[in-house]
Amino acid sequence: RRVHGAYFDKQLKILELEEQGYYGLQLFEEAEKVQKEVEAVREIYDGDDLTAALTFSSLGQVFYEQGNYEASLEFYFECLRIRETQLGHHPQTALAYHNIGAVYKNIGEYKRALDFYLESMKIEEEKLGKDHLDTNVTYHRIGRAYCLMNQLTEGYPLIEKARNVIVENVGEKHQLFGDYLLSLGIYYYVSQDYKKALKSFGEAKLILEAVFGANDVRVSDIYFYAGSCLIKLNKKEEGLKYLKLCYELRRSNYGEENVKTQESYKALQSIQAQ
């Protein structure tokens, strides 16, 4: 069907930004207005068109970046439903599973995140192979989920096995390697090896700040864990500096009631009450 001009232009812009590897959230209207467009997408593409799946995926990413995880899940599940029906076991279906896992990780539902990551991994191993970059990104994120559930023996091997493939494909200055270092740091943090954790977080911080900038919310997880490590190492003032920065970034990007913002706020309150 023919798509109305303004709406079509917006979808093209989303896809164009996705190809460039970032999302221009300032281009979009408030989340509530964008969310209403899901019905228009269904009508335009008759519900089960693969182009609709891509649009749903893009809108899911927009909401994810805004911290609106409930809406993000709605769009990602629509994408998954279509891709499972139309493609079956396919790398794009694996990506849909992976995206849903990332949302559940962010809201602290690590078991559900793990379930979706594992589904993604099964497809990627079958269709892409165990040495593919996408498969290995999934490996270390599965490892991270295990570590966040305190299942270190399951988590660490998956994190460590991903290192070489990521380095060989993108090098040690890419955001994907920074994300790998975040997973490694979380392993050390949960293991209570705070010096090694801080080293990993510090290396990740340099990479992600170089890619996104120091005031980008995508660096906030590094600030949260680096600050928490410094507190554990009795460097309270320095640790509080990072936790405050994390909180302010999340509050300004996601809002006060967002689950990630509240995680930062509660950590700050706990430390300041000591």
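On a predicted model such as this, the values are computed, not experimentally measured, just so you know.

(A) Geometry of the overall build of the chain. Along the chain, the regular secondary structure elements total 14 helices and zero strands. When the helices and strands of the chain are placed in sequence order, the string is α-α-α-α-α-α-α-α-α-α-α-α-α-α. Residue pairs at least 24 apart in sequence account for 57% of intrachain contacts in the chain once pairs closer than 6 positions are excluded. When the accessible surface of the chain is totalled, it reaches about 13,400 Å², and 48% of it is carbon and sulfur.

(B) Here's a closer look at helix H13 (residues 236-254). In this model H13 runs 26 Å from its N-terminal to its C-terminal C-alpha over 19 residues, within 8% of the 27 Å that 1.5 Å per residue would give. Phi turns positive one or two residues past the end of H13, at Gly 255, with a value near 100°.

(C) Expanded view of the packing of aromatic side chains. For the structure on display, the rule yields 16 aromatic pairs. Here Phe 63 and Phe 75 contribute two aromatic rings whose centre-to-centre distance is 5.2 Å and whose plane-to-plane angle is 5°, an arrangement assigned as stacked. Pair noted here: Phe 63 is in helix H4 (residues 50-66) and Phe 75 is in helix H5 (residues 69-87), with a separation of twelve residues, a long-range link. Here Phe 63 matches Phe 75 in class, with each residue buried. Put simply, the rings of Tyr 189, Tyr 194, Phe 201, Phe 224 and Tyr 225 touch in pairs and so form one group of aromatic residues.

(D) Summary view of the packing of helix H10 (residues 175-190) against helix H11 (residues 194-212). Between H10 and H11, the shortest axis-to-axis distance is 8 Å and the interhelical angle comes to 160°. Taken together, the axis directions place H10 and H11 in an arrangement best described as roughly antiparallel. Here H10 and H11 pass one another in a crossing that is left-handed. Contact residues: H10 offers Gln 175, Phe 177, Gly 178, Leu 181, Leu 182, Leu 184, Gly 185, Ile 186, Tyr 188 and Tyr 189, while H11 offers Tyr 194, Lys 196, Ala 197, Ser 200, Phe 201, Glu 203, Ala 204, Ile 207, Leu 208, Val 211 and Phe 212. Taken together, the residues of the contact of H10 with H11 break down into 15 nonpolar, four polar and two charged.

(E) Structural detail: helix H12 (residues 220-232). Between its terminal C-alpha atoms H12 stretches 18 Å, which fits the 18 Å expected from 13 residues at 1.5 Å a residue. The buried fraction of H12 is high, at twelve of 13 residues. Within H12 the residues assigned to the buried category are Ser 220, Asp 221, Ile 222, Tyr 223, Phe 224, Tyr 225, Ala 226, Gly 227, Ser 228, Cys 229, Leu 230 and Ile 231. Structurally, H12 contributes buried residues whose contacts are with helix H6 (91-106), helix H8 (133-148), H10, H11, H13 and helix H14 (259-272). Just past H12, the residue Asn 234 takes up positive phi, approximately 65°.

Rules and cut-offs
- Residues numbered from 1 in each chain as written.
- Predicted model: local features only at pLDDT ≥ 70, side-chain atom pairs only at ≥ 80, totals over all residues.
- Heavy atoms only, no water.
- Helix = DSSP H or I, 4+ residues; strand = E, 2+ residues; numbered from the N terminus.
- Contact = heavy atoms within 4.5 Å.
- Areas by Shrake-Rupley, 256 points an atom, 1.4 Å probe, with all protein chains shown as cover.
- Expected span 1.5 Å × (residues − 1).
- Phe/Tyr/Trp six-rings, centres within 6.5 Å; stacked < 30°, edge-to-face > 60°.
- Buried < 20%, exposed > 50% of the residue type's maximum accessible area, 1.4 Å probe, protein only.
- Axes fitted to C-alpha atoms, helices over the stretch in contact; angles between N-to-C directions.
- Parallel < 35°, antiparallel > 145°, perpendicular 65-115°, else oblique.
- Left-handed = near helix turned anticlockwise from the far one by under 90°.
- Nonpolar A, V, L, I, M, F, W, Y, C, P; charged D, E, K, R; others polar.

That is the geometry; function is a separate question.
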